[in-house]
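Each chain, written out:
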2 protein chains.
Amino acid sequence: MRLSLFTDYSLRVLMFAALKAEMFSLSEVAAAYDISRHHLVKVVNYLAKLGYLETRRGRGGGIVLGMKPEDIRIGMVVRRTEDTPFIVECFDAQHNTCPINGSCRLKGALAQAVNAFYETLDRQTLRDLVAGNEGTAMKQRLLKQP
Amino acid sequence: MRLSLFTDYSLRVLMFAALKAEMFSLSEVAAAYDISRHHLVKVVNYLAKLGYLETRRGRGGGIVLGMKPEDIRIGMVVRRTEDTPFIVECFDAQHNTCPINGSCRLKGALAQAVNAFYETLDRQTLRDLVAGNEGTAMKQRLLKQP
């Protein structure tokens, strides 16, 4: 069970934005995580489309959080960034080939487990993730703040 | 979030074994699900290695469940069959490159969510999956039983 790199990077960018709490550039967040800028362009555009980030063009432009960190539920972010929302084949009606689909109890069990996964993540907001001593330590590492 | 095909096929083979409740051949389960026999060889060998299946060679040989279906917890099966147990990079200490690892609250949140996923699945045994009307319907479809 693995989340996509796209989800991983999305969460990292959002944490960076919450820690920074002011406008930043794509190059800045790319350098902070040592990730290619190229990889983050799509991530930032998608998060902006969803309203989690705001991007402003031109001089004095950049990237900034588009919502309050306490209003960003982590489970919801992951639901939206995962490119493979189907845990197994039969969740994708168009591509199912399994002959027991429709009378399979495993499907229900998996759906419950996936819900439990997202509900657990929904108990955390972006604000929770950047709070406390860990938040301070992350700031030091990512923003090179003393 | 997607489970591997290996996990998917492992669960399907175990359900088949529980529904059949007697010795069967690799070709039989492959035909029932319309999956290539080739794909199932590794699955059956691995499940046999874990004790979930028993394989007997030679005349009168075949595959049979190696444990009682009520003793097979689905979460445990999935934990053992998933080839990518690391939900994001930093769960794999050998390959982590993320600079905030060690002071990142997201890691703890994800670990909790993964646990919730597996704990939910652990509430189901293989016996639960093949019980009731759905079990009867699956038998009809997979074993061509009236």
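Quick look at the structure, then. A quick note: this is a predicted structure, and the numbers were derived from the prediction, not measured.

## So, the nonpolar core
- Counting 100 residues, the largest nonpolar core has Met15 and Phe117 of chain A together with Met15 and Phe117 of chain B as its most contacted members.
- Phe117 of chain A has contacts with Met1 and Leu3 of chain A together with Met1, Ile87, Ala113, Val114 and Phe117 of chain B, leaving out every residue within four places of it along the chain.

## Looking at the interface of chain A and chain B
- Counting from both sides, the interface comprises 46 residues of chain A and, opposite them, 46 residues of chain B.
- Counting each side, the surface lost to burial between chain A and chain B is near 4500 Å², with a carbon and sulfur contribution of 64%.
- Counting the surface chain A buries against chain B, the share from its top three residues, Met1, Arg2 and Arg105 of chain A, is 20%.
- Put simply, chain A and chain B have four salt bridges between them.
- The salt bridge involving Glu89 of chain B is made with Arg12 of chain A; its shortest N-O contact spans 3.7 Å.
- At the boundary of chain A and chain B, one finds twelve residue pairs in polar contact (both at pLDDT 80 or more).
- Counting only elements with at least two residues in the side of chain A that touches chain B, the list comes to α1 (5–20), α2 (26–33), α5 (105–122), α6 (126–129) and α7 (132–143) of chain A.
- Of all the elements, α5 of chain A adds the most residues to the side of chain A that touches chain B, at twelve residues.

## Topic: the packing of α5 of chain A against helix α5 (residues 105–122) of chain B
- The interhelical angle for the contact between α5 of chain A and α5 of chain B, taken along N-to-C directions, is 155 degrees, at an axis separation of 8 Å. As judged from the angle between their axes, α5 of chain A and α5 of chain B are roughly antiparallel. The chirality of how α5 of chain A crosses α5 of chain B is right-handed. Within the contact between the two elements, α5 of chain A uses Ala109, Leu110, Gln112, Ala113, Val114, Ala116, Phe117, Thr120 and Leu121 of chain A and α5 of chain B uses Ala109, Leu110, Gln112, Ala113, Val114, Ala116, Phe117, Thr120 and Leu121 of chain B.
- Counted by class, the contact of α5 of chain A with α5 of chain B contains 14 nonpolar, four polar and no charged residues.

## Structural notes on the packing of helix α1 (residues 5–20) of chain B against helix α4 (residues 74–81) of chain B
Residue and element names in this part refer to chain B.
- In contact at an axis separation of 9 Å, α1 and α4 are set at 140 degrees when each is read in the N-to-C sense. When the interaxial angle is binned, α1 and α4 end up oblique. You can see that α1 and α4 cross each other, and the crossing is right-handed. Across the interface between the two elements, Phe6, Thr7, Ser10, Leu11 and Leu14 of α1 pack against Ile74, Val77, Val78 and Thr81 of α4.
- Residues that form the contact of α1 with α4 fall into these classes: six nonpolar, three polar and no charged.

The rules behind each value
- Residues numbered from 1 in each chain as written.
- Chains lettered and ligands numbered in written order.
- Predicted model: local features only at pLDDT ≥ 70, side-chain atom pairs only at ≥ 80, totals over all residues.
- Heavy atoms only, no water.
- Core = buried A, V, L, I, M, F, W, Y, C linked by side-chain atoms within 4.5 Å.
- Buried < 20%, exposed > 50% of the residue type's maximum accessible area, 1.4 Å probe, protein only.
- Contact = heavy atoms within 4.5 Å.
- Buried area = accessible area lost by both parts, 1.4 Å probe.
- Salt bridge = Lys/Arg side-chain N within 4 Å of Asp/Glu carboxyl O.
- Polar contact = N/O pair within 3.5 Å; in protein donor to acceptor, adjacent residues only side chain to side chain.
- Helix = DSSP H or I, 4+ residues; strand = E, 2+ residues; numbered from the N terminus.
- Axes fitted to C-alpha atoms, helices over the stretch in contact; angles between N-to-C directions.
- Parallel < 35°, antiparallel > 145°, perpendicular 65-115°, else oblique.
- Left-handed = near helix turned anticlockwise from the far one by under 90°.
- Nonpolar A, V, L, I, M, F, W, Y, C, P; charged D, E, K, R; others polar.

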